[in-house]
Amino acid sequence: MSLVRRATTEDAEEVLRLRQVMIDSMSGPDAGDTEWHVEGLPALRARLAGPDEDFAAFVVDHPERPGALAALVVGTIEYRIGRASNPRGVGGYVFSVATDPDARRRGYARACMEELLAWFRERGAGQVLLTASKEAEPLYAALGFVRKPDPAMGLKL
């Protein structure tokens, strides 16, 4: 039996907690700010209530803390007009990977990633993208990800 399971609405607060762990580890502009959790929680619960064919969160329960999560991986499926490397235009995007600090180095993030990658394959994704921290890069490389030159830009609306 796998340790990994699909997240449910009951996991929403823990999903936000682990997402914040990831955000805080990146020391960006949102590090330490948890006020957004109040506004984000209802939308996350709605997504987790499913069924949602374009959004998935996979988790591992914390072995020492009942009700807590040890690891989290979240991704979405999106469509863009195809190209040679992905003719159908279906791609996956991993946007949240986090492990509770006291549950690291046990293979939980890898197990969650493998489940998410299988979910992407089942939906016909021709590619999967993510942004990797230096600490997580060895895990992603072991799963077959390669670093790409990325001219991405952003705009906050």
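Read on for a plain summary of the structure. (Residues numbered from 1 in each chain as written. Predicted model: local features only at pLDDT ≥ 70, side-chain atom pairs only at ≥ 80, totals over all residues. Heavy atoms only, no water.)

Brief notes about the overall build of the protein chain
Reasoning step 1: When you go through the protein chain residue by residue, the secondary structure sums to four helices and five strands.
Reasoning step 2: When the helices and strands of the protein chain are placed in sequence order, the string is β-α-α-β-β-β-α-β-α.
Reasoning step 3: Reported as C-alpha extents along the three principal axes, the dimensions of the protein chain are approximately 45 × 40 × 35 Å.
Reasoning step 4: By the burial criterion, 39% of the 157 residues in the protein chain qualify as buried.
Reasoning step 5: Within the protein chain, counting contacts between residues at least 6 apart in sequence, those at least 24 apart form 63% of the total.
Reasoning step 6: Accessible surface, the protein chain as shown: approximately 10000 Å² in total, 55% of it carbon and sulfur.
Reasoning step 7: Positive and negative charge centroids in the protein chain, built from 20 and 23 side chains respectively, lie 7 Å apart. (Helix = DSSP H or I, 4+ residues; strand = E, 2+ residues; numbered from the N terminus. Buried < 20%, exposed > 50% of the residue type's maximum accessible area, 1.4 Å probe, protein only. Contact = heavy atoms within 4.5 Å. Areas by Shrake-Rupley, 256 points an atom, 1.4 Å probe, with all protein chains shown as cover. Lys, Arg positive; Asp, Glu negative; His and termini not counted. Charge placed at Lys NZ, Arg CZ, Asp CG, Glu CD.)

Topic: helix α2 (residues 36–49)
Reasoning step 1: With 14 residues, α2 extends 20 Å between its outermost C-alpha atoms, agreeing within 8% with the 20 Å of an ideal straight helix rising 1.5 Å per residue.
Reasoning step 2: Bending of α2 peaks at approximately 30° at the position of Pro42.
Reasoning step 3: Against the buried residues of α2 lie α1 (12–26) and β2 (55–61).
Reasoning step 4: A positive backbone phi angle near 55° is found at Gly50, which sits one or two residues after α2. (Expected span 1.5 Å × (residues − 1). Bend = angle between axes of the 7 residues up to and from the residue.)

Regarding the side chain of Thr76
Reasoning step 1: Here Thr76 shows up in strand β3 (residues 69–79).
Reasoning step 2: For Thr76, a relative accessible area of 17% corresponds to the buried category.
Reasoning step 3: The contacts of Thr76, once residues within four sequence positions are left out, are Asp54, Phe55, Gly91, Gly92, Tyr93, Phe95 and Phe120.

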